[in-house]
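Examination of the molecular architecture
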Amino acid sequence: MELTVYLAGQIHDSWREDVKRKANERNLPLKFVGPQTNHDRSDHVGEHILGEQPTDLHKDDAASSINNFRTQVLMQKSDVVIALFGEKYKQWNTAMDASTAITMNKPTIIIRPESIIHPLKELSNRANVTVDTIDHALDVMAYIFE
């Protein structure tokens, strides 16, 4: 059995590559999908597909519609969602993706550092599992295959 895991979270560092590498080292049968991690592509996809937009608001709206469409398709096809909350960047997209996953009744693991336990308390309460590290999230995933 192979599971598809949607990796929700900020796109500004290599945390997804860490998850993939560690899952591979454990020989976990997982396939990973997630948001567009090319920040420039994500920000400009609306204009790349629909043409130049008259204002920044229209540009952002066009890109958001297409990015949200992509997220919805990939998340619906996923078996599990892992949402990583970090400390360095604003986490609005991560919160939106985690909330969407929970609303879609997708099994959801939230990874969050101790420093943001309080602001994420309600979301953590709705997720299936909340952990502190990528390794803990992969421990949860490995448990499925025991």
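As a reminder, the structure under discussion sits directly above these lines.
Everything numeric in this text was worked out from a predicted model, so none of it was measured. (Residues numbered from 1 in each chain as written. Predicted model: local features only at pLDDT ≥ 70, side-chain atom pairs only at ≥ 80, totals over all residues. Heavy atoms only, no water.)

**Some details on the pattern of salt bridges**
For the coordinates displayed, the defined rule picks out eight salt bridges. In this structure, K20 and E17 form a salt bridge, with 3.6 Å as the shortest nitrogen-oxygen distance. With K20 and E17 both in helix α1 (residues 15-25) and three residues apart, this pair spans about one turn of that helix. A residue is classified by how much of its surface remains accessible, and E17, at 47% relative accessible area, is partly exposed. K22 is paired through a salt bridge with D135; the nearest N and O atoms lie 3.2 Å apart. Of this pair, K22 sits in helix α1 while D135 sits in helix α6 (residues 134-144), placing them 113 residues apart in sequence. One network of salt bridges, in which partners are shared, links K22, R26, D135 and D139. (Salt bridge = Lys/Arg side-chain N within 4 Å of Asp/Glu carboxyl O. Helix = DSSP H or I, 4+ residues; strand = E, 2+ residues; numbered from the N terminus. Buried < 20%, exposed > 50% of the residue type's maximum accessible area, 1.4 Å probe, protein only.)

**Quick word on the pairing of strand β1 (residues 3-9)**
Most of β1 sits out of view: seven of its seven residues are buried. Of the two faces of β1, the one carrying L3, V5, L7 and G9 and the one carrying T4, Y6 and A8 are both buried. Here β1 pairs with strand β2 (residues 30-33) via four bridges, running parallel. What sits directly across from Y6, in β2, is V33. On the question of chirality, the crossover connecting β1 to the parallel β2 by way of α1 is right-handed. As defined by bridge partners, β1 adjoins strand β3 (residues 80-84) across five bridges and the pair is classed as parallel. Paired with A8 across the strands is A83, a residue of β3. (Pairing = 2+ DSSP bridges. Right-handed = clockwise from strand over helix to strand, strands pointing away.)

**Overview of the environment of D18**
The topology assignment puts D18 in helix α1. In the structure, D18 is positioned 77 residues away from A95 in sequence and 21 Å away in space, judged by C-alpha atoms.

**So, the sheet that holds β2**
As summarised here, the arrangement of the five strands in space is β2-β1-β3-β4-β5, forming an open sheet in which the pairing is parallel. Every interior strand has two partners, whereas the edge strands, β2 and β5 (129-131), have only one. Averaged over all neighbouring strand pairs, the angle between strand axes comes to 25°, with direction disregarded. Where strand β4 (residues 108-111) and β5 come together, three bridges link them in parallel fashion. By the bridge assignment, I110 is partnered in β5 with T130. Contacting β1, β2 and β3, α1 runs over the sheet at an angle of about 155° to β1. (Axes fitted to C-alpha atoms, helices over the stretch in contact; angles between N-to-C directions. Contact = heavy atoms within 4.5 Å.)

The quantities given are spatial measurements derived from coordinates; they are silent on function.
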